[in-house]
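# Descriptive structure summary
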Amino acid sequence: MLIGDTFNNRAKQLLLKLAERSDHDPDQQIAVSELAGDLGLDRSELKNLLEYLENKELIRIATIGGPFLYGHLHITEQGIHKAANLK
């Protein structure tokens, strides 16, 4: 998987949308299907983005399963801080 400007921009969009949907609360569980719908991401791209963000410890995958492989996730404190700096 190549990580370039487009990928990084999509990752930023995803992190910002997750921060917004969670009201910047790391305890709030967000459905992956909602994020996919908001951003128009396909299953493969979404999977790669989520794994990238999880490896960076910006998100935490809460449940596995469903049409997008992952069901729900949480933004971490580090992810909230990073999202705030992206604005």
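Definitions and cut-offs
- Think of each chain on its own: its residues are numbered from 1, step by step along the sequence as written.
- Side-chain atom pairs in this predicted model are given and counted only at pLDDT of 80 or more, local residue features only at pLDDT of at least 70, and totals for whole chains, interfaces and linings cover all residues.
- Hydrogens and water are ignored here; the side-chain numbers use all heavy atoms of the structure.
- What counts as a helix is a DSSP run of H or I of at least four residues, what counts as a strand is a run of E of at least two, and both are numbered from the N terminus.
- The atom set for the radius of gyration is the C-alpha atoms, and the globule formula is 2.2 Å times the number of residues raised to the power 0.38.
- Exposure is judged per residue with a 1.4 Å probe applied to protein chains only, and the accessible area is read against the type maximum: over 50% gives exposed, under 20% gives buried, and values in between give partly exposed.
- In this description, contact between two residues means that some pair of their heavy atoms is separated by no more than 4.5 Å.
- All accessible areas in this document rest on Shrake-Rupley with a 1.4 Å probe, and a residue is counted as covered only by the protein chains that are shown.
- In this tally Asp and Glu are treated as negative and Lys and Arg as positive; neither His nor the chain ends contributes.
- Throughout, a charge is located at the NZ atom of Lys, the CZ atom of Arg, the CG atom of Asp or the CD atom of Glu.
- When DSSP finds two or more bridges between a pair of strands, those strands are recorded as paired.
- Lines are fitted to the C-alpha atoms to define the axes, a helix being fitted only along its stretch in contact, and any angle between axes, read from their N-to-C directions, falls within 0 to 180 degrees.
- The cut-offs work like this: below 35 degrees is roughly parallel, past 145 is roughly antiparallel, 65 to 115 is roughly perpendicular, and the gaps in between are oblique.
- Note: crossing handedness is left-handed where the near helix turns anticlockwise from the far helix by less than a right angle, and right-handed where it turns clockwise.
- Residues are grouped as follows: Ala, Val, Leu, Ile, Met, Phe, Trp, Tyr, Cys and Pro are nonpolar; Asp, Glu, Lys and Arg are charged; every other residue, Gly included, is polar.

When you go through the protein residue by residue, the secondary structure sums to four helices and three strands. Written out in order from the N terminus, the α and β elements of the protein read α-β-α-α-β-β-α. For 87 residues, the compact-globule formula gives about 12 Å, and the C-alpha radius of gyration of the protein, at 12 Å, lands near that figure. Overall, the C-alpha framework of the protein stretches about 30 × 25 × 20 Å when taken along its three principal axes. With 87 residues in all, the protein has 37% of them scored as buried. Taking as baseline every contact in the protein between residues at least 6 positions apart, the subset at least 24 positions apart corresponds to 58%. Surface summary for the protein: the accessible area is close to 5000 Å², and the carbon and sulfur share equals 45%. Taken together, the 10 basic and 13 acidic charged side chains of the protein have centroids lying 4 Å from each other.

We now examine the pairing of strand β2 (residues 59-64). Pairing of β2 with strand β3 (residues 70-75) involves five bridges; the strand directions are antiparallel. Within β3, the residue paired with Thr63 across the bridge is His72.

In this section: the packing of helix α1 (residues 5-21) against helix α4 (residues 77-86). Running from N to C, α1 and α4 point in directions that differ by 110 degrees, and their axes come no closer than 9 Å. Between α1 and α4, the angle falls in the class roughly perpendicular. The handedness of the crossing between α1 and α4 is left-handed. Note on element contacts: α4 touches α1 through Gly79, Lys82, Ala83 and Leu86, opposite Lys12, Leu15, Leu16 and Ala19. Across the contact of α1 with α4, the residue classes tally to five nonpolar, one polar and two charged.

Our next topic: the pairing of β3. Within a regular strand, side chains alternate between the sheet's two faces. Most of β3 sits inside the fold, with five of its six residues counted as buried. Pairing analysis gives two bridges linking strand β1 (residues 30-31) to β3, with the strands arranged antiparallel. Following the sheet pairing, Ala31 is matched in β3 by His72.

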